[in-house]
Amino acid sequence: MKTGLVLEGGALRAIFSSGVCDGLLEGNVMADYVVGVSAGIAYGVSYVSRQPRRNLEVVTRFANDRRYMGMNNLADKENQSYFGLKFAYDTIPNELVPFDYDTFEAYPGQVEAVLTNLNTGGAEYVEVPRRDKESLILQASCAMPLMFPIYEIDGKPCLDGGVADSIPWQHALDQGCDRVLVVLTRPRDYVRKPDKVMALVRRRYKEYPEFVRAMESRAERYNENRRQLFELEKQGKLLVIAPKSTLGVARTERNTEKLRLLWAEGYQEAVDRMEEIRDYFNG
């Protein structure tokens, strides 16, 4: 029996997933395989390193710190991202809120991040290195179009994995997982609408027509992915946890009280469903 954990992205909305993961850690539930997208996996590695509430500390300490996120970072030619890349992916995990690389390295399973290949518009599933002090793969997975620079990973130009595969439950099944827990960052009734910035996307990424096409079809593919996901849930083939509400938390939320409340919603959901989760994973 191989268990899998799938973590959707959503920038700071993924603090809900962190709450779920912290509940899982408290219940001593560790999946054999973890795959995530964008902030889903950037936060998800703290689950694998068994550091409950680490992400909550990061967002509540630094959401209002301009070194963490803000337009000044995007204007910086050395940074080219809304998020302060060195601060968020190096200074914080290596100095301010230390990441436990030893425990992460000792995890016997597989941890993958989803990237989007700009040349093909398709997904790349990449193993997260156990001792990457610059978190390059996590940066690339989080690289929201227009808000991050393009990353060169294994010779391929890459951005946010959510463009190609926002909720990689099918990949988890393809990896041989018999039981898959999927954590969403949007309520069950959410319907994604086409991006309003497509004119900017077409101009900025005109050298990558397949990526532009992937952006154009993103909402339609996302909604179909969720429809299939919920159908498999009804059949008992997948287990899904989703927030009842995102509490108005934005991708770049600065209100730390709202972030705490959304984390608490995820944590409580995991605690309340712990017996169900254990039964499912052990079934």
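Details of the structure are given in the entry above.
All figures in this text were calculated on a predicted structure; none of them were measured in a lab.

K.L.:
Report on the overall build of the protein chain, specifying residues and quantitative values.
P.N.:
Within the protein chain, the secondary structure is distributed over 13 helices and eight strands. Relative to the 2.2 N^0.38 estimate, which gives 19 Å for 283 residues, the radius of gyration of the protein chain is 18 Å and therefore close to what a compact globule would have. Reported as C-alpha extents along the three principal axes, the dimensions of the protein chain are approximately 50 × 40 × 35 Å. Buried positions account for 60% of the 283 residues belonging to the protein chain. Put simply, 74% of the contacts in the protein chain that link residues at least 6 apart link residues at least 24 apart. Accessible area of the protein chain: about 12300 Å², with a carbon and sulfur share of 47%. Averaged over its 38 positive side-chain charges, the protein chain has a centre that lies 5 Å from the centre of its 41 negative ones.

K.L.:
Residue-level account of the packing of helix α1 (residues 15–26) against helix α2 (residues 39–48), with values.
P.N.:
One way to put it is that α1 packs onto α2 with a least axis distance of 9 Å and a crossing angle of 10 degrees. Relative to α2, α1 is oriented roughly parallel. Contacts between α1 and α2 involve Ile15, Ser18, Cys21, Leu24 and Leu25 on the former and, on the latter, Tyr43, Ser46 and Tyr47.

K.L.:
Let's hear about the nonpolar core: which residues, and what values?
P.N.:
Looking at soluble globular proteins, one finds that nonpolar side chains tend to be buried together. If you look at the biggest cluster of nonpolar residues, it comprises 81 residues, and the most contacted ones within it are Leu5, Leu24, Tyr47, Tyr68, Phe148 and Leu181. When residues of this core are assigned to their parent elements, the largest contribution, seven residues, is made by α2. Those residues in contact with leucine 5 that lie beyond four places of it in its chain are Cys21, Leu24, Ala31, Tyr33, Val34, Val35, Tyr47, Leu181 and Val183. Membership of the second largest hydrophobic core comes to 19 residues, among which are Val35, Val182, Tyr222 and Ala242.

K.L.:
Give a description of the packing of α1 against helix α12 (residues 256–272) that names residues and reports values.
P.N.:
In the contact formed by α1 and α12, the axes pass within 7 Å of each other and the chain directions differ by 40 degrees. Considering their axes alone, α1 and α12 lie oblique with respect to each other. As for how α1 packs across α12, the hand of that crossing is right-handed. On α12, the residues touching Ile15, Phe16, Ser18, Gly19, Val20, Asp22, Gly23, Leu24 and Glu26 of α1 are Leu259, Leu262, Trp263, Glu265, Gly266, Tyr267, Ala270 and Val271. Residues belonging to the contact of α1 with α12 are distributed by class as follows: 10 nonpolar, four polar and three charged.

K.L.:
Describe the pattern of salt bridges, with residues and values.
P.N.:
This structure, assessed with the given rule, holds 17 salt bridges. One salt bridge connects glutamate 127 with arginine 130, and the closest N-O pair in it is separated by 3.7 Å. Each of Lys244, Glu269, Arg273 and Glu276 takes part in salt bridges that share partners, so that together they form one network.

K.L.:
Give a detailed account of the pairing of strand β2 (residues 33–37), specifying residues and quantitative values.
P.N.:
Of all five residues that make up β2, five are buried, and the element is covered over most of its length. By the alternation rule, side chains of β2 split into Tyr33, Val35 and Val37 and Val34 and Gly36, which are all buried. Here strand β1 (residues 3–7) runs beside β2; their pairing, made up of four bridges, is parallel. The residue bridging glycine 4 from the neighbouring strand is tyrosine 33, located in β2. For the handedness criterion, the β-α-β arrangement of β1, α1 and β2 is classed as right-handed.

K.L.:
Tell me about the packing of aromatic side chains, and please be specific about residues and values.
P.N.:
Overall, the coordinates contain 10 aromatic pairs when judged by the stated rule. With a centroid separation of 6.1 Å and an interplanar angle of 75 degrees, the aromatic rings of tyrosine 190 and tyrosine 222 are classed as edge-to-face. Of this pair, tyrosine 190 sits in the loop between β7 (179–183) and α9 (198–204) while tyrosine 222 sits in helix α11 (residues 218–234), and the two are 32 residues apart along the sequence. Relative to tyrosine 267, the ring of tryptophan 263 lies with its centre 5.2 Å away and its plane at 10 degrees, an arrangement referred to as stacked. Placement of both tryptophan 263 and tyrosine 267 in helix α12 is noted, with a separation of four residues, approximately one turn of the helix. The same class applies to tryptophan 263 as to tyrosine 267, namely buried. Through a chain of ring-to-ring contacts, the aromatic side chains of Tyr68, Tyr82, Phe83 and Phe148 assemble into a single cluster. One Lys or Arg, arginine 130, reaches over the ring of phenylalanine 104 and ends 5.1 Å from the middle of that ring.

Analysis parameters
- Residues numbered from 1 in each chain as written.
- Predicted model: local features only at pLDDT ≥ 70, side-chain atom pairs only at ≥ 80, totals over all residues.
- Heavy atoms only, no water.
- Helix = DSSP H or I, 4+ residues; strand = E, 2+ residues; numbered from the N terminus.
- Rg over C-alpha atoms; globule rule 2.2 N^0.38 Å.
- Buried < 20%, exposed > 50% of the residue type's maximum accessible area, 1.4 Å probe, protein only.
- Contact = heavy atoms within 4.5 Å.
- Areas by Shrake-Rupley, 256 points an atom, 1.4 Å probe, with all protein chains shown as cover.
- Lys, Arg positive; Asp, Glu negative; His and termini not counted.
- Charge placed at Lys NZ, Arg CZ, Asp CG, Glu CD.
- Axes fitted to C-alpha atoms, helices over the stretch in contact; angles between N-to-C directions.
- Parallel < 35°, antiparallel > 145°, perpendicular 65-115°, else oblique.
- Core = buried A, V, L, I, M, F, W, Y, C linked by side-chain atoms within 4.5 Å.
- Left-handed = near helix turned anticlockwise from the far one by under 90°.
- Nonpolar A, V, L, I, M, F, W, Y, C, P; charged D, E, K, R; others polar.
- Salt bridge = Lys/Arg side-chain N within 4 Å of Asp/Glu carboxyl O.
- Pairing = 2+ DSSP bridges.
- Right-handed = clockwise from strand over helix to strand, strands pointing away.
- Phe/Tyr/Trp six-rings, centres within 6.5 Å; stacked < 30°, edge-to-face > 60°.
- Lys NZ or Arg CZ within 6 Å of the ring centre and 35° of its normal.

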